[in-house]
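Commentary on secondary and tertiary structure
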Amino acid sequence: MVEIIRTEFMKLKRYFIVWIGVSLMLLTVLLTLFTTMADDGMVWNYQFLFEQVVKNFVTMIFPMCITLISGYMISREYTDDTLKNIETLPISFRKLLAGKLIVSAILSLFLGVVLCFHSRCKFYYGI
């Protein structure tokens, strides 16, 4: 199983979809800043920004991003015509799919860390 996960990460490095996911995480902070800029007398602090980023992140961007990346990883086996070569190996399709889903889970943790880091930088440094 470790070998399957390692090879999935090696394949994932070739695809540009990961960078699209990272850019969506960065877009979440900008989207939050844009939607909460109304002058309604609300006091802005880091806690408020973080709550709004998490709300936008969890409800809109993150599920879409993880679904896109996971579906892309699975469908690439069909479009690249590598599934017929993988099926000749003594690895069940269930193990292959489980490896892809574990990689998706690890990638979702990575994207969550990117979002947290970017929201901190955006608030404290204005980057």
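Above: the structure in question.
Anyway, here's the lowdown on the structure attached to this text. (Residues numbered from 1 in each chain as written. Predicted model: local features only at pLDDT ≥ 70, side-chain atom pairs only at ≥ 80, totals over all residues. Heavy atoms only, no water.)

Comments concerning the packing of aromatic side chains
Aromatic ring pairs are described here by two measures, namely the spacing of the ring centres and the angle between the planes. What the rule picks out here adds up to 2 aromatic pairs. Considering the side-chain rings of Tyr15 and Tyr72, the 5.3 Å spacing of their centres and the 90° angle between planes classify their relative orientation as edge-to-face. With Tyr15 in the loop between α1 (2–12) and α2 (17–35) and Tyr72 in helix α3 (residues 46–79), this pair connects stretches of sequence that are 57 residues apart. For the pair shown, Tyr15 and Tyr72 are each scored as buried. Look at Phe16 and Tyr72: their rings are 6.3 Å apart centre to centre, the planes differ by 65°, and that puts the pair in the edge-to-face class. One end of the pair, Phe16, is in the loop between α1 and α2; the other, Tyr72, is in helix α3, and 56 residues separate them in sequence. Pairwise contacts between aromatic rings join Tyr15, Phe16 and Tyr72 into one cluster. (Phe/Tyr/Trp six-rings, centres within 6.5 Å; stacked < 30°, edge-to-face > 60°. Helix = DSSP H or I, 4+ residues; strand = E, 2+ residues; numbered from the N terminus. Buried < 20%, exposed > 50% of the residue type's maximum accessible area, 1.4 Å probe, protein only.)

Spatial relationships are all this shows, so hold off on functional conclusions.
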